[in-house]
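Each chain is listed here by its residues.
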Amino acid sequence: LYPTMALQPALSDFVDTRMARNAARPPFARIQAVGEAEAAKEFGDYFEISSQLMQELGLLDEDNAPALGFTALTTCWELRETIAEALHVTHCLPLFMKDFVEQKPGDYAEKEN
């Protein structure tokens, strides 16, 4: 489990919210040992917590749809192991794009003058 897991259904055609919620459920062995209700209390709804966090940070809207561009959200998801760095890069990405990509010719990085 990772804090940005709510981004995956927003970014992937192959993962939906149901699949993400199932991945965040308590382990089956724990459910058998203490019952589903008790296991749910222990583990909470991790996907819902992730969803709320991503909404508060402005990455997803209230319907869990992308609130930022695909590149920014993909970058954040790829850096999911280090949430601080992921958020920093995600929010700086528009500045990087402005300075290094926008209104530049396709071979801009290859020129040395």
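Values in this document were obtained by computation on a predicted structure and should not be read as measured data. (Residues numbered from 1 in each chain as written. Predicted model: local features only at pLDDT ≥ 70, side-chain atom pairs only at ≥ 80, totals over all residues. Heavy atoms only, no water.)

Draft legend 1. Structural view of the environment of Leu-93. With respect to the helices and strands, the residue Leu-93 is situated in helix H7 (residues 83-100). Its relative accessible area of 13% is what places Leu-93 among the buried residues. For Leu-93, the contacting residues outside a window of four places in its chain are Thr-71, Ala-72 and Thr-75. (Helix = DSSP H or I, 4+ residues; strand = E, 2+ residues; numbered from the N terminus. Buried < 20%, exposed > 50% of the residue type's maximum accessible area, 1.4 Å probe, protein only. Contact = heavy atoms within 4.5 Å.)

Draft legend 2. Geometry of the pattern of salt bridges. On inspection of all chains with the given rule, the structure shows two salt bridges. With its nearest N and O atoms 3.3 Å apart, the salt bridge here joins Arg-21 to Glu-48. Note that Arg-21 is positioned in helix H2 (residues 17-23) and Glu-48 in helix H5 (residues 46-56), a separation of 27 residues in sequence. With a relative accessible area of 28%, Glu-48 lands in the partly exposed category. (Salt bridge = Lys/Arg side-chain N within 4 Å of Asp/Glu carboxyl O.)

Draft legend 3. Inspection of the environment of Glu-85 at higher detail. Within the secondary structure, Glu-85 sits in helix H7. Counting along the chain gives 11 residues from Glu-85 to Phe-96, while the straight-line C-alpha distance between them is 15 Å.

Draft legend 4. The arrangement of the side chain of Ser-51 in detail. Assignment of secondary structure puts Ser-51 in helix H5. For Ser-51, the side chain forms a polar contact with the side chain of Asn-64, separated by 2.6 Å. Once you skip the residues sitting within four places of it in the chain, Ser-51 turns out to touch Ala-6 and Asn-64. (Polar contact = N/O pair within 3.5 Å; in protein donor to acceptor, adjacent residues only side chain to side chain.)

Draft legend 5. Focus on the packing of helix H6 (residues 70-78) against H7. Contact geometry for H6 and H7: axes closest at 8 Å, N-to-C directions at 165 degrees. Relative to H7, the element H6 is oriented roughly antiparallel. Of the two possible hands of crossing, H6 and H7 adopt the one that is right-handed. The residues of H7 that touch H6, namely those facing Thr-71, Ala-72, Thr-75 and Cys-76, are Ala-86, Leu-87, Val-89, Thr-90 and Leu-93. Considered class by class, the residues forming the contact of H6 with H7 number six nonpolar, three polar and no charged. (Axes fitted to C-alpha atoms, helices over the stretch in contact; angles between N-to-C directions. Parallel < 35°, antiparallel > 145°, perpendicular 65-115°, else oblique. Left-handed = near helix turned anticlockwise from the far one by under 90°. Nonpolar A, V, L, I, M, F, W, Y, C, P; charged D, E, K, R; others polar.)

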